[in-house]
Amino acid sequence: MSKPAEEQPATKVVTPQSLVTEEEVKAALRLDKGSDALLKFWSMVDFTKKGDNYACVVSSVQVQYSLNQENMEVVYIAKLNPCRHVKEFEGMTCIMFRKESEFYSNLVPELNSVLTEVGQKALRFPKCFHGCMDKNKEVILLEDLRPQGYQMFDRRRGLDVAHITLILKELGRLHASSRLLQAKTPDQDLAVTHDFLVPDIFADESMGLRDVFDRQLDQSIELLERFGGYERSIAWIKSLKLELSKLLTKHLGRSKYNVVCHGDCWNNNVLFRYNDDGEPVEVMLLDLQINRLSSPATDLIYLMYTSLNGEVRIPNLNTFLDTYYDTFNTVMEAAGMDMIFTRSELLKEFRSMNVLGAIYAMMVVPFMLLEPEDTPDMDKAENMEELLMEVKEKTLIALDKNPLVKPRFLSVFDEMMDLGLIP
């Protein structure tokens with residue numbers, strides 16, 4: 001689909017890619033390259049595969065422009081409203097795009113400002129060049145990190161120590177920077193100055209995800225029944241369903257350790273750059289659509305139980321928390337501020353939310369381990385019921401051909417029983 005400047009045809013069928021307009025491309029180009037940059041030609045080029053993205057469609061905009069009498073090219077990453085027919089997702093999609101757009105445009109500059117003031121580097125997020133929040137036409141245009149060598153790690157493998165260490169350090173910097181920013185206005189809460197932090201996609205029942213949580217817990221029961229030997233876990237999940245809304249509201253709400261949280265920090269929402277030996281050396285955090293103001297443990301729990309195998313998470317947990325703590329503390333010390341928790345308090349806070357880890361694992365792990373060709377086609381589902389049924393069918397089929405599902409999934413319940421969370 002190519003569109004020469006000033007010759008854009010009328011769109012008859014609304015697709016995610018058709019939401020991008022020439023004016024939006026011009027706006028991104030102007031912010032990126034300056035007002036003298038002249039748009040010559042642009043086109044949409046898809047590059048992601050099934051299973052890479054779920055809540056939105058990710059494509060790219062290839063741009064040809066002239067500047068100072070030279071012809072140049074640039075590519076922007078486009079996050080697009082998925083234009084699905086599932087009505088339950090419409091309100092949630094609108095809120096998610098607003099949360100991410102305002103995070104990039106308004107909050108990140110402020111967080112970076114307080115960091116640079118105390119001699120710290122800016123946070124590792126892509127640059128945002130444009131955001132359109134028109135309902136059902138949401139578009140965000142971002143910096144393309146691929147030319148710098150950034151790439152996604154295979155979600156099915158599970159992050160190793162080297163990869164998760166980079167993520168934990170960056171989460172520590174993000175969380176600490178929000179404490180520095182809050183200290184600038186001690187009498188005015190960040191949730192007031194940045195109200196997009198308040199709606200919680202997971203905890204707010206009006207978002208329509210309660211049925212998704214219920215179905216995924218039911219699916220987990222069915223998986224455990226297939227595996228056998230997990231009767232205690234099955235009984236626990238059944239009791240958990242009765243308290244689910246209360247648990248999500250409690251754990252995802254405000255905390256005595258409030259920080260700005262990523263909210264959706266898992267394997268596919270980070271990119272890595274590698275050295276010549278194939279070792280990860282830098283990370284970029286992406287996809288801030290579920291950001292919130294809450295306990296830092298909500299981010300740590302989500303990451304640990306969605307993106308790590310048990311053989312990596314369990315023996316290294318204390319080391320991982322130490323890495324996070326040390327990075328957080330470095331920022332606080334640079335600002336001359338006291339640390340907000342001790343190491344033991346961080347561990348206690350993390351353990352207090354282990355139930356969230358189990359819930360997140362039940363929500364995400366079976367789905368994320370699907371092969372790309374087995375990933376449900378979310379664009380074809382006409383309602384939530386149809387979509388959830390396809391997810392269940394695909395997951396159960398994957399059990400027979402994907403050896404990664406069983407150990408990754410069961411390790412969570414083995415751990416919860418060892419910790420005494422599952423009686």
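Refer to the structure printed above.
For the structure given in this document, a descriptive report is provided here. (Residues numbered from 1 in each chain as written. Predicted model: local features only at pLDDT ≥ 70, side-chain atom pairs only at ≥ 80, totals over all residues. Heavy atoms only, no water.)

1. Regarding the side chain of D299
- Relative to the elements of secondary structure, D299 occurs in helix α8 (residues 296-307).
- Buried charged residue D299 carries no salt bridge. Nearest counter-charge: R292, at 5.0 Å.
- When sequence neighbours within four positions are dropped, the list of residues in contact with D299 reads L171, H175, C261, H262 and G263. (Helix = DSSP H or I, 4+ residues; strand = E, 2+ residues; numbered from the N terminus. Buried < 20%, exposed > 50% of the residue type's maximum accessible area, 1.4 Å probe, protein only. Lys, Arg positive; Asp, Glu negative; His and termini not counted. Salt bridge = Lys/Arg side-chain N within 4 Å of Asp/Glu carboxyl O. Contact = heavy atoms within 4.5 Å.)

2. Some thoughts on unusual backbone geometry
- Residues other than glycine seldom take positive phi values, yet N68 does so here, at roughly 55°.
- Tracing the backbone shows N68 in the loop between β3 (57-67) and β4 (70-80).
- The residue N136 is not glycine, and still its phi comes out positive at about 70°.
- You can see N136 is positioned in the loop between β5 (128-132) and β6 (139-143).

3. With respect to the environment of K169
- Looking at the element boundaries, K169 is found in helix α3 (residues 161-184).
- Judged by relative accessible area, which is 39%, K169 ranks as partly exposed.
- Along the primary structure K169 and Y325 are separated by 156 residues, whereas in three dimensions their C-alpha atoms are 8.5 Å apart.
- Setting aside anything within four residues of it in sequence, one finds K169 in contact with T323 and T327.

4. Notes on the packing of α8 against helix α9 (residues 310-334)
- Two elements in contact, α8 and α9, have axes separated by 12 Å at closest approach and are oriented at 145°. Handedness of the α8/α9 crossing: right-handed. Residues P296, L300, M304 and Y305 of α8 pack against R313, L317, F320, L321 and Y324 of α9.
- Considered class by class, the residues forming the contact of α8 with α9 number 8 nonpolar, no polar and 1 charged. (Axes fitted to C-alpha atoms, helices over the stretch in contact; angles between N-to-C directions. Left-handed = near helix turned anticlockwise from the far one by under 90°. Nonpolar A, V, L, I, M, F, W, Y, C, P; charged D, E, K, R; others polar.)

5. Points about the pairing of β5
- Most of β5 is tucked away, with 4 of its 5 residues classed as buried.
- Looking at chain direction, β5 and β6 are connected through 4 bridges and run antiparallel. Bridge assignment links H130 to a residue of β6, and that residue is L141.
- Here β5 folds back onto β6, and the loop between the two strands holds 6 residues, one of which, N136, carries a positive phi near 70°. (Pairing = 2+ DSSP bridges.)

6. Structural notes on empty space enclosed by the protein
- Counted according to the given criterion, the structure contains 1 cavity of 30 Å³ or more.
- Estimated volume of the largest cavity: approximately 40 Å³.
- Lining the largest cavity are F202, A203, D204, E205, L209, R210, S245 and L248.
- When the residues that make up the lining of the largest cavity are grouped by side-chain class, the tally is 4 nonpolar, 1 polar and 3 charged. (1 Å grid on protein atoms, 1.4 Å probe; cavity = no way out; pocket = protein on both sides within 12 Å on 5 of 7 lines; lining within 4 Å. Points joined across faces, edges and corners; volume = space filled by probe spheres on them.)

7. Thoughts on the packing of aromatic side chains
- If you walk through the whole model with that rule in mind, you get 15 aromatic pairs.
- Taking the centre distance of 5.9 Å and the plane angle of 50° together, the rings of F202 and Y360 count as tilted. In this pair, F202 is assigned in the loop between α4 (190-193) and α5 (210-227) and Y360 in helix α11 (residues 354-368), connecting sequence segments 158 residues apart.
- Ring centres of Y325 and F341 lie 6.1 Å apart, and the angle between their planes is 45°; this geometry places the pair in the tilted category. Pair noted here: Y325 is in helix α9 and F341 is in the loop between α9 and α10 (343-352), with a separation of 16 residues, a long-range link.
- Through pairs of rings, three or more aromatic residues link up here, namely Y257, Y324, Y325, F328 and F341. (Phe/Tyr/Trp six-rings, centres within 6.5 Å; stacked < 30°, edge-to-face > 60°.)

8. A closer look at the environment of N258
- Mapped onto the fold, N258 is located in the loop between α7 (244-252) and β7 (259-261).
- N258 sits in the buried class, given a relative accessible area of 16%.
- Sequence separation of N258 and H175 is 83 residues, and the distance between their C-alpha atoms is 8.7 Å.
- What N258 contacts, discounting residues up to four positions off in sequence, is R179, L293, S294 and S295.
- Only 2.7 Å separates the side chain of N258 from the backbone nitrogen of S255, close enough to count as a polar contact. (Polar contact = N/O pair within 3.5 Å; in protein donor to acceptor, adjacent residues only side chain to side chain.)

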